[in-house]
Amino acid sequence: MTSTPQAVRRASPRKRRPATPAAPDPSAVLLPQAEPVRLLNPDGSPLPARADYPEPPVAALREMYRRMVVGRRFDAQATALTKQGRLAVYPSSRGQEACQVGGVLALRDDDWVFPTYRESMALTARGIDPVEVLTLLRGDWHCGYDPAVRRTAPQCTPLATQCVHAAGLAYGESYQGRDTVALVYIGDGATSEGDFHEGVNFAAVFKAPVVYFVQNNRYAISVPLSRQTAAPSLAYKGVGYGVPSEQVDGNDPVAVLAVLHRAVAHARAGKGPFLVEAHTYRMEPHTNADDQTRYRDADEVEAWRDRDPIARLESYLRARDVLDDAAVAEVAEQAEAYAARLRERMNAQPTVDPLSLFEHVYAQPTPQLVEQREQVRAELAAAREGDA
Ligand SMILES: Cc1ncc(C[n+]2csc(CCOP(=O)(O)OP(=O)(O)O)c2C)c(N)n1
Ligand SMILES: [Mg+2]
């Protein structure tokens, strides 16, 4: 059988067209690395140094250790104050010390912090008076410190609303020619909120210098991460908005600080926002009002004790001979003194003027408020006369 011309053509070797070079994948520079960045093993032994995340200077790590130890003692004291009725509620950040302290250590004093209810430790680590930090949780009507002076927004309870506030503030700062950075603390659960997405999108489009720092502590009250998201990492949420992202071991203090240094430098250089997801764990219940035995096993909590961020940094610094028994004892003493002073001040009954409720609501109070204020004033006067 003779072959057809077509069959002959098929049999002949194909002419190859020169391959078109593949277009570079624009998402490649935005995506986080597949594994969270880690510079220390859980036992504190160092991993090989990396060019992309150079280790922070030893003085910064020693200071981080000090603030983490004081922070943990503050946190334990605040939890005790809820049991004594001195605080209405307290969301503990025990176990999250590397994130709490790393977030503020990576910033300059004139940068802005946008915290949630979970960040009391971060704010005290920033140097804000602990009694002022706890004012809101004591049930007072204001946040205790002056946000403009401390460059720290009030602790935000409505989830994720701080994401849009930070985008607006950071955009305003850069618009006025300042190189201020705003760092947003946000939880894993709150990344499902619309405000998170709106804030990240706005910041990306307008190149606002914001670091969105997600503390993934694996729970939103009783809702575990697996019921929160199907994303492989919360840091993947940046790519859809054109925001570069990274994930880090949130219980490795050295890695947390190294990654945040890079994120802050990126934002400060005018390159827009950066998203960091820190993998960590909340060791205590959501607040003193939560029963964690209803949604997680004690074994799970125990397993995270082996990844304690303070023990990890301490053993690393000891092995490097930059921390010894005397320095550890001195820091522990500072932490005790800090807690004792806080206890003493929180046990003093605050004097609150009920009429102050009417202040700072409107520049010009409405006629209704004036009427109500006068009514309260008259009632207080009558009560004083009754006492006399
Ligand atoms: C808009 C809004 N919805 C619901 C709540 C109730 N709420 C308070 S804390 C919380 C869980 C948040 O979890 P996550 O963001 O992971 O932060 P974490 O408490 O773990 O630090 C919820 C649902 C709220 N405060 N605001
Ligand atoms: Mg959470």
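Keep in mind the model is a prediction, meaning the values are calculated, not measured. (Residues numbered from 1 in each chain as written. Chains lettered and ligands numbered in written order. Predicted model: local features only at pLDDT ≥ 70, side-chain atom pairs only at ≥ 80, totals over all residues. Heavy atoms only, no water.)

(A) Here's a closer look at the packing of aromatic side chains. Inspection of the entire model under this criterion finds 12 aromatic pairs. Considering the side-chain rings of Tyr-171 and Phe-202, the 5.9 Å spacing of their centres and the 85° angle between planes classify their relative orientation as edge-to-face. Taken together, the positions of Tyr-171 in helix α7 (residues 161–175) and Phe-202 in helix α8 (residues 194–205) put the pair 31 residues apart, joining distant regions of the chain. Judged by relative accessible area, which is 32%, Phe-202 ranks as partly exposed. (Phe/Tyr/Trp six-rings, centres within 6.5 Å; stacked < 30°, edge-to-face > 60°. Helix = DSSP H or I, 4+ residues; strand = E, 2+ residues; numbered from the N terminus. Buried < 20%, exposed > 50% of the residue type's maximum accessible area, 1.4 Å probe, protein only.)

(B) Fine view of the domain arrangement of the chain. With domains assigned, the chain is organised as domain 1 (5–347) and domain 2 (354–387). Each of domain 1 and domain 2 has a C-alpha centre, and these two points are 42 Å apart. (Domains from an automatic or database assignment.)

(C) How the structure looks around helix α9 (residues 253–268). With 16 residues, α9 extends 22 Å from end C-alpha to end C-alpha; this agrees with the ideal 22 Å at 1.5 Å per step. Among the 16 residues that make up α9, 12 are buried, leaving the element largely enclosed by the rest of the structure. The set of residues buried in α9 consists of Pro-253, Val-254, Ala-255, Val-256, Leu-257, Ala-258, Val-259, Leu-260, Ala-263, Val-264, His-266 and Ala-267. The opening residue of α9, the one whose side-chain oxygen lies 3.1 Å from the backbone nitrogen of Val-254, is Asp-252. Once α9 ends, the next one or two residues include Gly-270, with phi positive near 85°. (Expected span 1.5 Å × (residues − 1). Polar contact = N/O pair within 3.5 Å; in protein donor to acceptor, adjacent residues only side chain to side chain.)

(D) Spotlight on the packing of α7 against α8. The N-to-C vectors of α7 and α8 enclose an angle of 15°; their axes lie 7 Å apart at closest approach. Regarding the angle of α7 to α8, the classification is roughly parallel. Crossing of α7 over α8 shows left-handed handedness. Contact with α7, carried on its side by Thr-161, Cys-163, Val-164, Ala-167 and Tyr-171, involves Asp-195, Phe-196, Glu-198, Gly-199, Phe-202 and Ala-203 of α8 and no other residues of that element. (Axes fitted to C-alpha atoms, helices over the stretch in contact; angles between N-to-C directions. Parallel < 35°, antiparallel > 145°, perpendicular 65-115°, else oblique. Left-handed = near helix turned anticlockwise from the far one by under 90°. Contact = heavy atoms within 4.5 Å.)

(E) The arrangement of the site of ligand 1 in detail. Taken together, the neighbourhood of ligand 1 is formed by 15 residues, with Tyr-117, Arg-118, Gly-189, Ala-190 and Tyr-219 sitting nearest. Arg-118 places a side-chain nitrogen or oxygen 2.8 Å from an oxygen atom of ligand 1. Between Leu-159 and ligand 1, the recorded distance is 3.1 Å, taken from a backbone N or O atom to a nitrogen atom. Relative to its unbound accessible surface of 590 Å², ligand 1 loses 71% to contact with the protein. (Near = heavy atom within 4 Å. Areas by Shrake-Rupley, 256 points an atom, 1.4 Å probe, with all protein chains shown as cover.)

(F) Focus on the pattern of salt bridges. Taken as a whole, this structure holds 21 salt bridges when the rule is applied. In this structure, Glu-173 engages Arg-178 in a salt bridge whose closest nitrogen and oxygen atoms are separated by 3.0 Å. We classify Glu-173 as buried; its relative accessible area is 8%. We note a salt bridge from Arg-305 to Glu-302, for which the minimum N-O separation is 2.9 Å. Placement of the pair is Arg-305 and Glu-302 together in helix α10 (residues 298–305), with a separation of three residues, close to one helical turn. Judged by its relative accessible area of 41%, Arg-305 is partly exposed. Taken together, the shared-partner salt bridges connect Arg-38, Asp-249 and Arg-312 into one network. (Salt bridge = Lys/Arg side-chain N within 4 Å of Asp/Glu carboxyl O.)

(G) Structural context of the environment of Ala-98. Looking at the secondary structure, you find Ala-98 in helix α3 (residues 97–105). Sequence spacing of Ala-98 and Leu-81 is 17 residues, and the spatial spacing of their C-alpha atoms is 23 Å.

(H) Here's a closer look at the pairing of strand β2 (residues 182–187). The element β2 is largely enclosed, with a buried count of five among its six residues. Direction of pairing for strand β1 (residues 112–114) relative to β2: parallel, over a ladder of three bridges. Of the residues in β2, the one forming a bridge with Val-113 is Leu-183. Direction of pairing for β2 relative to strand β3 (residues 210–216): parallel, over a ladder of six bridges. Note that in β3 the partner of Ile-186 across the bridge is Val-214. Taken together, β2, α8 and β3 form a β-α-β motif whose crossover is right-handed. (Pairing = 2+ DSSP bridges. Right-handed = clockwise from strand over helix to strand, strands pointing away.)

(I) Representation of the coordination of the magnesium ion (ligand 2) in the model. In the first shell of the magnesium ion (ligand 2), the protein supplies Asp-188 (OD), Asn-217 (OD1) and Tyr-219 (O), at 2.1 Å from the metal. Linear spacing of the donor residues for the magnesium ion (ligand 2) on their chain is D-x28-N-x1-Y. Taken together, the residues Asp-188 in the loop between β2 and α8 and Tyr-219 in strand β4 (residues 219–220) connect sequence positions 31 residues apart. Accessibility classification places Asp-188 together with Tyr-219 in one group, the buried group. (Donors = N, O, S within 2.8 Å, 3.2 Å for Na, K, Ca; no water.)

(J) Here's a closer look at the sheet that holds β2. In spatial order, the strands read β1-β2-β3-β7-β6; together these five strands make up an open sheet with parallel pairing. With one partner strand each, in any of the chains shown, β1 and β6 (245–249) form the two edges of the open sheet. Strand-to-strand, the axes of this sheet are offset by a mean angle of 20°, without reference to chain direction. Sitting on the sheet, α9 is in contact with β2, β3, β6 and β7 (274–279), with an inclination near 155° to β3.

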